[in-house]
Amino acid sequence: MDKEETKPLLGGDDEEELTGCGATLPCDPRRWLHRFLVLIIMCFLSFGSYFCYDNPAAMQDTMESVLHLSTSQFMMFYALYSWPNVILCFFGGFLIDRVFGIRLGAIIFAAFVTVGQVIFALGAYINSYWTMNMGRFVFGLGGESLAVAQNTYAVSWFKGRELNMVFGLQLSFSRIGSTVNMNVMQPLYNSVQNIIPGYQGLGVTLFLATITCGYSMCCALAMAYYDRRAARILKRDGGKTGEVIQLKDVKDFPASLWVICIICVAYYVTVFPFIGLGLVFFEMKFDMDPSEANLVNSLVYVISAGASPVFGFLIDRTGKNIFWVLTGVTFTLGCHAILAFTFVNPFFPMITMGLAYSVLASALWPMVALIIPEYQLGTAYGLMQSIQNLGLAIVAQVAGSIVDAKGYLLLEVFNLAWLCVALIATVLLYLMDASKGGKLNLAAWKRKALAAAEPEKKPL
Amino acid sequence: MAALYNLYVTFVIFFVLLHASEASRKISMQINPGCDTSIPHPPACDMKNIVYAKAEGPTDTIHYIFSTIGYPSVLTVLAPDTSGKVIIDWNKLLNDTTDWARTVNFTFEPVYSYGMIFRRLYEYNDHNDKADMSAYSPEQNDTWKIHDLKDMKWQPADKFIDQRHHVVTLQSMPQEWMCKNHTEVYPCKSNQTGTISFVWSLFGNNGRSSVLPHLEYNSNITHMDLVIDNIKPEYSKSRFAMEMFLMSSDKKSHTQSKDTKSIDDEYSPGVFKMTDWSTNMGDRPFGGFIQWKPVCYYKSARGRENASKVRKYGFVPKDAAAMKKDFSLQYSVPYAFFGARLHTLSMNATNVSFGLPKDKFYSKTSYTAWTASVGYGNPPVDKVSDVITIVIATGLGIPVILIIVGAIYLFIKKRLAKNKVMKDITESYSQIQ
């Protein structure tokens, strides 16, 4: 019998034949192992960006003394990243959807990150504060948009499968990147100091940090290759409707997306600015010494690094994302209430807050993929991230002013009010979703059953 | 008969003390009362500071003496009426070699008196950066420098007195800081420009200080600001601490300290504690006290970002036997008032030190400022203000109400929908039949 007669009658006659090592388990995009190997590359895509983002924080005292900066000049390094990104990551997402596509977009943004960090290091090497600022600005042009690209990749590869766990894992890597940075940069600088002292040594240290960005760049190139290959083999483009996003489509985004954005902002502003101000709070209210206070303050990050993928996996198995979001918000509400109104040892509320944050992050972001079609996804994530950055930038300032004027109790009340807003928004989301058929809060088995039923509806 | 009289006197005293509270007072301040500068005393009394203040209330008067003669000190005396004044024997007081007992007297019989003496400013080398001076033994090498405050010379008080706001600053002269053999003329050329200051503020009514940490005050309270400014530290890791004594005319009492913790830090952001050190619990329900929040500031523009911690140490009771051996306190105005009785008073001593681990020590800004309330009566208690209560009630109350209303609405809607379905079913049954 020759090949012609063994071919199945209906469809399948243009399946690509994989040959050589392309046919083995790890390289076959239809099989799970390849997806997870590519997942590792995907997670490292923004590792360099998260590592270098917090370089200033890891070396604040050094930078302030070696470069003769005041604290407000130092804070400019962070302001130049967050404020432009209030608008930029929305456009970054739009560019990914409309102009560059995900592969080229990721490469471009990774390039911005690398170039920005190089300029930042150069600025330190020649002791030029404004060059460093420019470097941070260029770095910011790429950083947040790269995260949008990473989210879009994740949905593309893992939708309908382990999406929650993947988002959790990406969160993990961001925290790990930041923690490694905190622990490595200062000792690295101290060793470099022995050979090259002063601000030149600082510049060299920051150049060495650029290696992580270079690695992310390689990951972006690798992702482009694997994604193109997988798209070809799995015939992803065959399912595409040929639609392209227009800027005016944004106003047609479903209301649920806006509510998800509100939940995102209202929740995140109670976590990150609080950690930024938390050190003194733990030292003074609970009589902790600085190293203990530092430990408690970093608990949210440390725990989320480990717990996010685990909770993500759990949410994949159970579904019911809105219920998980509700749980995360409620538990964080309880934690802030305990920190505000009692003297209970802050270890317990902070550990709980870390767990609640992991739950929320793993459950919230994948919901966007359930309500937005793929060709608009980059823009949707860009929008969500823009709003989040705006909220964080504003609330960070407001939180600082509240504490300086009226103390930590009022700050905690402020946080509790935001969490109540998040709670109300979550309930609103549930109602809106329930009235439309309950797509977002399906149990996982139901979701799989619906997905399996769909292909049968296609015409033969 | 004598017993009845004693009872009457006790009642009057109790009545006066009960009403010596939060009344509005008229304040007047005077420097070196009764010292005639035309008569040449050796040394002249314009080199010594006695700031005498009267706070006249409707039924009684509080007399304060803030002084830097000998050790910096404050003496507070309660008078049962408004007519009293102080009489100072300047000849004896200005002579360092005579016994100063009973050189400060009043024209009335004091109802109650209490005082504080600030004896030593400790400078210690914080080797392990824990901001805890009890970690170092007194004999340890290369660790201690003791500044005995009676060795200092002070600026004349009229240079820094603000009669309108009832504030006086007693500031040390910088040149004398490092000198060992000082004389009245200042040949000692030291490049030391640092000063230590006691800033005393009096109030005629109730209120809250406009300066952090926003301590509350009333007409029975004076606020003390201790400022250690620009002192050249002896060691690379120098920190400072102040030794102070609190004494009162209570016969049977002993001083006690109380720390209160609060969840509310609206008046002093980042500070949740208050320490009260009071002389009460003797034969009356309240007495003299010093109250402070365990916060000091390392910049004169005070704010949360330049706040540091104040640590207090154990209280050492000074009983009569110990006091008899320690003559140093006789160089002070409280001794000038109490005389030999000083050794029988209830008296305690303690130290407070300034700084937080990892804050780069005193030399980071070469400035430390600490505020305390010294007063009579019950130490003020911070309460959650109305503003905060309203904010909490609305900020959390409104969302909770919304959630409850929303839940009730949903429940009712579901019931109605269910009832409608049941109604439809029963109607269709009835049609069949």
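Residues numbered from 1 in each chain as written. Chains lettered and ligands numbered in written order. Predicted model: local features only at pLDDT ≥ 70, side-chain atom pairs only at ≥ 80, totals over all residues. Heavy atoms only, no water.

Some points on the overall build of chain A
Okay, step 1: A tally of regular secondary structure across chain A gives 16 helices and zero strands.
Okay, step 2: Relative to the 2.2 N^0.38 estimate, which gives 23 Å for 460 residues, the radius of gyration of chain A is 23 Å and therefore close to what a compact globule would have.
Okay, step 3: For chain A, the spread of C-alpha atoms along the principal axes amounts to about 80 × 50 × 40 Å.
Okay, step 4: Each of the 460 residues in chain A was classed as buried or not, and the buried ones make up 55%.
Okay, step 5: When contacts within chain A are restricted to residue pairs at least 6 apart in sequence, those whose partners lie at least 24 apart make up 79%. (Helix = DSSP H or I, 4+ residues; strand = E, 2+ residues; numbered from the N terminus. Rg over C-alpha atoms; globule rule 2.2 N^0.38 Å. Buried < 20%, exposed > 50% of the residue type's maximum accessible area, 1.4 Å probe, protein only. Contact = heavy atoms within 4.5 Å.)

Considering the interface of chain B and chain A
Okay, step 1: Listed by partner, the interface residues are 27 residues for chain B and 27 residues for chain A.
Okay, step 2: Summed over both sides, the interface of chain B with chain A buries roughly 2500 Å², with 71% coming from carbon and sulfur.
Okay, step 3: Area buried by chain B at its contact with chain A is led by Ile263(B), Phe272(B) and Arg304(B), which between them contribute 25% of it.
Okay, step 4: Linking chain B with chain A are three salt bridges. (Buried area = accessible area lost by both parts, 1.4 Å probe. Salt bridge = Lys/Arg side-chain N within 4 Å of Asp/Glu carboxyl O.)

A word on a nonpolar patch on the surface
Residue and element names in this part refer to chain B.
Okay, step 1: Residues Val 400, Ile 404, Ile 408, Phe 411, Ile 412 and Leu 416 make up a contiguous nonpolar surface patch of roughly 580 Å² in combined accessible area.
Okay, step 2: On the secondary structure map, Ile 404 appears in helix 5 (residues 386–432).
Okay, step 3: Here Ile 404 falls in the partly exposed class, since its relative accessible area comes to 47%. (Patch = residues over 30% accessible without salt bridge, like charges linked within 9 Å, V, L, I, M, F, W, Y side chains within 5 Å. Areas by Shrake-Rupley, 256 points an atom, 1.4 Å probe, with all protein chains shown as cover.)

What to know about the confidence of the model for chain B
All names here are of chain B.
Okay, step 1: Summarising the model, chain B shows a mean pLDDT of 83, and 85% of its residues fall at 70 or more.
Okay, step 2: Overall, residues 181–187 carries pLDDT values under 50, and its contacts beyond four positions in sequence, including any with other chains, amount to nine contacts.
Okay, step 3: Complex prediction metrics read pTM 0.81 and ipTM 0.77. (pLDDT = per-residue confidence, 0-100.)

Notes on the pattern of salt bridges
Okay, step 1: Tallied over the full model, the rule gives 20 salt bridges over all chains.
Okay, step 2: For Glu162(A), the salt bridge goes to Arg35(A), with nearest N and O atoms at 3.5 Å. In this pair, Glu162(A) sits in the loop between helix 7 (129–158) and helix 8 (163–195) while Arg35(A) sits in helix 2 (residues 32–44), placing the two residues 127 residues apart along the sequence.
Okay, step 3: For Arg35(A), a relative accessible area of 7% gives the class buried.
Okay, step 4: Across the pair Glu234(B) and Lys145(B) runs a salt bridge, and its minimum N-O distance is 4.0 Å.

Quick notes on the pairing of strand 22 (residues 367–377) of chain B
Along a regular strand, successive side chains alternate from one face of the sheet to the other.
Residues and elements named next belong to chain B.
Okay, step 1: For strand 22, the buried fraction is high: 11 of the 11 residues fall into the buried class.
Okay, step 2: As judged from the nine bridges shared by strand 14 (residues 221–229) and strand 22, these two strands associate in the antiparallel manner. Within strand 22, the position partnered with Val 227 by the bridge is Ala 369.
Okay, step 3: Of the pairings in the sheet, the one linking strand 18 (residues 287–297) to strand 22 comprises eight bridges and is antiparallel in character. (Pairing = 2+ DSSP bridges.)

Some points on the packing of helix 11 (residues 272–285) of chain A against helix 12 (residues 290–318) of chain A
Residues and elements named next belong to chain A.
Okay, step 1: Remark: helix 11 packs on helix 12, axes separated minimally by 8 Å, with the N-to-C direction vectors making an angle of 155°. Taken together, the axes of helix 11 and helix 12 lie roughly antiparallel to each other. The way helix 11 lies across helix 12 gives a crossing that is right-handed. Seen from helix 11, the contacting residues are Phe 272, Ile 275, Gly 278, Leu 279, Phe 282 and Glu 283; seen from helix 12, they are Pro 290, Ala 293, Asn 294, Val 296, Asn 297, Val 300 and Tyr 301. (Axes fitted to C-alpha atoms, helices over the stretch in contact; angles between N-to-C directions. Parallel < 35°, antiparallel > 145°, perpendicular 65-115°, else oblique. Left-handed = near helix turned anticlockwise from the far one by under 90°.)

Structural notes on empty space enclosed by the protein
All names here are of chain B.
Okay, step 1: A complete count under the given rule lists two cavities of 30 Å³ or more for this structure.
Okay, step 2: The computed volume of the largest cavity comes to approximately 140 Å³.
Okay, step 3: Along its surface, the largest cavity is lined by 15 residues, and Gly 355, Asp 359, Phe 361, Tyr 362 and Thr 368 are the ones closest to its centre.
Okay, step 4: Residue assignment for the lining of the largest cavity shows that the elements contributing at least two residues are strand 15 (238–248) and strand 22.
Okay, step 5: The space that makes up the second largest cavity amounts to roughly 30 Å³. (1 Å grid on protein atoms, 1.4 Å probe; cavity = no way out; pocket = protein on both sides within 12 Å on 5 of 7 lines; lining within 4 Å. Points joined across faces, edges and corners; volume = space filled by probe spheres on them.)

Examining the environment of Phe281(A)
Okay, step 1: Along the chain, the position of Phe281(A) falls in helix 11.
Okay, step 2: Judged by its relative accessible area of 2%, Phe281(A) falls in the buried class.
Okay, step 3: With 127 residues separating them in the primary sequence, Phe281(A) and Tyr408(A) have C-alpha atoms 7.1 Å apart.
Okay, step 4: Apart from the residues within four sequence positions on either side, Phe281(A) is in contact with Phe274(A), Phe286(A), Leu339(A), Tyr408(A) and Phe272(B).

Details of the nonpolar core
General note: in soluble globular proteins, nonpolar side chains tend to be found buried as a group.
Okay, step 1: The biggest cluster of nonpolar side chains holds 147 residues, and the ones touching the most others in it are Tyr268(A), Phe282(A) and Leu364(A).
Okay, step 2: With 23 residues, helix 15 (residues 377–435) of chain A is the single largest residue contributor to this core.
Okay, step 3: Beyond its immediate chain neighbours, meaning those up to four positions away, Phe282(A) contacts Phe274(A), Asp287(A), Met288(A), Ala293(A), Val296(A), Asn297(A), Leu339(A), Pro346(A) and Met350(A).
Okay, step 4: Ile50(B), Tyr52(B), Leu121(B) and Met152(B) belong to the second largest nonpolar core, which has 80 residues in total. (Core = buried A, V, L, I, M, F, W, Y, C linked by side-chain atoms within 4.5 Å.)

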